[in-house]
Amino acid sequence: MQRLISRPPPPTLRSLSSVLRGPTTTTAPSPFHHHHHLRRRRHHHHSISGAGATISGYPFASIERKEGALRNMVRPTSSSVEEKGCDDEGEWRGKVDEGGLGSAVEIALDSVVKIFTVSSSPNYFLPWQNKSQRESMGSGFVITGRRILTNAHVLADHTFVLVRKHGSPTKYRAEVQAIGHECDLAVLVVESEEFWQGMAFLELGDIPFLQEEVAVVGYPQGGDNISVTKGVVSRVEPTQYVHGATQLMAIQIDAAINPGNSGGPAIMGNKVAGVAFQNLSGAENIGYIIPVPVIKHFISGVEHSGKYVGFCSMGLSCQSMENVQLRKHFRMHPKMTGVLVSKINPLSDAHKILRKDDILLAFDGVPIANDGTVPFRNRERITFDHLVSMKKPNEKAVVRVWRDGKEHDFTLTLSPLQQLVPVHQFDKLPTYYIFAGLVFVPLTQPYLHEFGEDWYNISPRKLCERALRELPKKPGEQHVILSQVLMDDINAGYERLAELQVKKVNGVEVDNMKHLCQLVEDGKEENLRFDLDDDRVIALNYSKAKLATSRIMERHRIPSAKSKDLIRDGQTKEQIVAVSKL
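Residues numbered from 1 in each chain as written. Predicted model: local features only at pLDDT ≥ 70, side-chain atom pairs only at ≥ 80, totals over all residues. Heavy atoms only, no water.

### Notes on the overall build of the protein chain
Within the protein chain, the regular secondary structure consists of 13 helices and 33 strands. Expressed as a percentage of the 582 residues in the protein chain, the buried residues total 58%. Looking at the protein chain alone, contacts between residues at least 24 apart form 67% of all its contacts between residues at least 6 apart. Looking at the protein chain as shown, the accessible area adds up to about 24,400 Å², and 48% of this sits on carbon and sulfur atoms. (Helix = DSSP H or I, 4+ residues; strand = E, 2+ residues; numbered from the N terminus. Buried < 20%, exposed > 50% of the residue type's maximum accessible area, 1.4 Å probe, protein only. Contact = heavy atoms within 4.5 Å. Areas by Shrake-Rupley, 256 points an atom, 1.4 Å probe, with all protein chains shown as cover.)

If you want it as structure tokens, here you go:
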């Protein structure tokens, strides 16, 4: 399993939505950029709890946020098309003329919309407040059921969303129905009947073959009107999704995709072949679109459960078996191929069935090659992660395993797995707890990003290593850290203990933030002891510490000593403040 500590990144992948106003930020090492003019800190993450089994990857590739240059902007050309209309039930009637890419323009005029987003990201160093709001733009298109499909990074940390259709000066209020940050997709709904008049939906097609032409439609920077660019499909394979730090199937095209294109459709014939979402900076006309299988998986999950359900994982880290001596060591037959199991996530179903040094020979009857790939279409190959990620939550899969010189067939239940250290925390407020000026937070990668552009090298080394490599041992586990010390007489001398992990409270090991909060508030001893990393200790008089909490909060204008998710059932804000004044 390849681990990279520090390396100059290859050309950088970036997301494509455009920032109207707000600070420009960058992040640690990665080659992709999203095309939504909003710039955020993102990264590649190498994790065994991602989709499927990871052979190798960039642990934390830096993502440099730059605005892409406009090129090859093609203006719409007219083409014959039968009008599609919306009936009283909200479904569309009519049929689009079967045409080439020329018809894609006419289709887009009644389907693609411009999205205006106001967002405000949390401040993980001061988790009780947000950063200043930013305005950004992206694209989206209408699908069946009066819904608009776009990218998740266009709407991340949104506070207000508007949409505008082609040829209209009016912006309409939109609400987020579902959002999946791992697959970088989201669904919007608009209540206004006026908005839907004359709108047409786009149908989802299939994965295009190599060298097939596609037209990317959207609202990139450099102008206010709709734009169409054309290109051909050059590659289909699992790719790092910058926004969600996951690896899912993506289609590489040579069409010019620029900031603001995010969420716009890539049309082949008269159907959607994918959704534009990121490009490769430092390279000429290399863009990426999310393919239809990933889109359908996202939409079907939303339709079935009413919310985003995620992508399944086996929870494995695997090593390739390309070396002949390695295969001989495990007594594999000459024609036998597979990958070696290196690590297993303790929370996965595979942990109960598979073992370290098992060799995966096949997944659902599909043979796995020594490099971890499986057959895909016409003489193409793709990593078997894709087969795993396309499974529905709680769906079963049969794996053939070589163990101790014998073949075995095992049935595994697949499900999305939570990481010990979350890669992202979009659309939710940070968790925090303040006691005697000690600010406790869970370790997350967004917290590490607050250390700046070069966070991977300058953030606390131990915390960074844990974020990269450690696996959860039980459900709900979190690494709780002392983020900072708000200075007061009660905690003077403890300020240098910030950024250390909290191991125990009064001798009891801390499981997560809720557990820490409970141990502190239910404490009945006169003194309170925190055991930290490096065998450091914090000791406080319990009564004096409670009194100090109130004055410290007042001094720093902090509205609550704990985040909403830590408030116990039936406990009001007034009760929380009252407890801190005891």
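Picking up where we left off.
### Overview of the nonpolar core
Residues Phe 298, Met 314, Leu 354 and Leu 360 are the most contacted members of the largest nonpolar core, which totals 72 residues. In terms of residue count, the dominant contributor to this core is strand 17 (residues 271-280) (six residues). Within the second largest apolar cluster, 53 residues are counted, among which are Val 480, Leu 540, Ala 545 and Ala 561. (Core = buried A, V, L, I, M, F, W, Y, C linked by side-chain atoms within 4.5 Å.)

### Considerations on the pattern of salt bridges
Pairing between side chains of opposite charge can happen when their charged atoms approach one another. This model, assessed by the stated rule, comprises 27 salt bridges. Salt-bridge contacts for Arg 146 lead to Glu 193; the nearest nitrogen and oxygen are separated by 3.0 Å. With a gap of 47 residues between them, Arg 146 in the loop between strand 7 (134-143) and strand 8 (147-150) and Glu 193 in helix 3 (residues 193-196) connect regions that are remote in the sequence. Lys 271 is the salt-bridge partner of Glu 203, the closest N and O atoms lying 4.0 Å from each other. In this pair, Glu 203 is assigned in the loop between helix 3 and strand 13 (213-218) and Lys 271 in strand 17, connecting sequence segments 68 residues apart. The class for Lys 271 is partly exposed, based on a relative accessible area of 34%. A network of salt bridges, in which partner residues are shared, links Arg 466, Glu 470, Lys 503 and Asp 533. (Salt bridge = Lys/Arg side-chain N within 4 Å of Asp/Glu carboxyl O.)

### Quick notes on the packing of aromatic side chains
Within this structure, the stated rule accounts for 11 aromatic pairs. Between Phe 298 and Tyr 308 the ring centres are 5.9 Å apart and the planes differ by 45°, which places this aromatic pair in the tilted class. Of this pair, Phe 298 sits in helix 4 (residues 292-305) while Tyr 308 sits in the loop between helix 4 and strand 19 (316-320), placing them 10 residues apart in sequence. The pair formed by Phe 298 and Tyr 308 is uniform in burial state, with each residue classed as buried. Each member of the aromatic cluster is reached from another via a ring pair, and the members are Phe 125, Tyr 447 and Phe 451. Between Lys 165 and the ring centre of Phe 195, over which it is positioned, the NZ or CZ distance is 5.8 Å. Positioned above the aromatic ring of Tyr 456, the side-chain terminus of Arg 461 is 5.2 Å from the ring centre. (Phe/Tyr/Trp six-rings, centres within 6.5 Å; stacked < 30°, edge-to-face > 60°. Lys NZ or Arg CZ within 6 Å of the ring centre and 35° of its normal.)

### A word on the environment of Ile 552
Within the secondary structure, Ile 552 sits in helix 12 (residues 542-555). What makes Ile 552 buried here is its relative accessible area of 0%. For the pair Ile 552 and Asp 488, spaced 64 residues apart in sequence, the C-alpha to C-alpha distance is 7.2 Å. In this structure, Ile 552 is in contact with Ala 436, Gly 437, Leu 486, Asp 488, Ile 490 and Asn 491, ignoring residues within four places of it in sequence.

### Observations regarding helix 12
An α-helical turn contains 3.6 residues, so a residue and the one three or four places further along point in the same direction. Taking 1.5 Å of rise per residue, the 14 residues of helix 12 would be expected to cover 20 Å, and the 20 Å separating its terminal C-alpha atoms lies within 8% of that figure. The set of residues buried in helix 12 consists of Tyr 542, Ala 545, Lys 546, Ala 548, Thr 549, Ser 550, Ile 552 and Met 553. Two or three places before Ser 543, at the start of helix 12, stands the capping residue Asn 541, its side-chain oxygen 3.2 Å from that residue's backbone nitrogen. (Expected span 1.5 Å × (residues − 1). Polar contact = N/O pair within 3.5 Å; in protein donor to acceptor, adjacent residues only side chain to side chain.)

### Some words on helix 4
The end-to-end C-alpha distance of helix 4 is 20 Å, a good match for the 20 Å that 14 residues give at a rise of 1.5 Å each. Within two residues after helix 4, Gly 306 carries a phi angle of roughly 85°, on the positive side.

### Thoughts on the pairing of strand 6 (residues 112-119)
Counted residue by residue, strand 6 has eight buried out of eight residues, so it is predominantly covered. Burial along strand 6 is two-sided: the residues Val 112, Lys 114, Phe 116 and Val 118 and Val 113, Ile 115, Thr 117 and Ser 119 are all buried. Pairing between strand 6 and strand 7: eight bridges, direction antiparallel. By the bridge assignment for strand 7, Ser 119 is matched with Arg 134. Across seven bridges, the pairing between strand 6 and strand 9 (residues 158-165) is antiparallel. Of the residues in strand 9, the one forming a bridge with Ser 119 is His 158. (Pairing = 2+ DSSP bridges.)

### Focus on the environment of Leu 532
With respect to the secondary-structure elements, Leu 532 resides in strand 32 (residues 527-532). Considering only alpha carbons, one finds Leu 532 and Ala 498, 34 residues apart in sequence, at a separation of 9.8 Å. If we skip the residues at most four places from it in the chain, Leu 532 touches Leu 482, Leu 497, Leu 500, Gln 501, Val 502, Lys 503 and Ile 538.

### Some points on the pairing of strand 26 (residues 406-413)
Relative to strand 26, strand 25 (residues 396-403) runs antiparallel, the two being bridged by eight bridges. Bridged to Val 401 within strand 26 is His 408. As consecutive antiparallel partners, strand 25 and strand 26 are separated by two residues, and within that stretch Asp 404 has a phi angle of approximately 50°, a positive value.

### Considerations on unusual backbone geometry
Backbone geometry follows two general trends: most residues other than glycine have a negative phi, and most peptide bonds adopt the trans configuration. Its identity as a non-glycine residue notwithstanding, Asp 535 has a phi of 60°, on the positive side. Its location among the elements puts Asp 535 in the loop between strand 32 and strand 33 (537-541). A positive phi is found at Arg 557, a non-glycine position, where the angle reads about 55°. One can find Arg 557 in the loop between helix 12 and helix 13 (573-580).

### Considerations on the confidence of the model for the protein chain
Here the protein chain averages 82 in pLDDT, while 80% of its residues score no lower than 70. Contacts for the low-pLDDT stretch residues 35-99, under 50 throughout, to residues beyond four places or in other chains number 285 contacts. A low-confidence stretch, residues 573-582 stays under pLDDT 50, and its non-local contacts, those more than four residues away or across chains, total 19 contacts. (pLDDT = per-residue confidence, 0-100.)

### Side note on the environment of Tyr 542
By secondary structure assignment, the location of Tyr 542 is in helix 12. Discounting residues that sit within four places of it in the chain, Tyr 542 has contacts with Phe 435, Val 520, Glu 521, Asp 522, Gly 523, Glu 525, Glu 526, Asn 527 and Leu 528.

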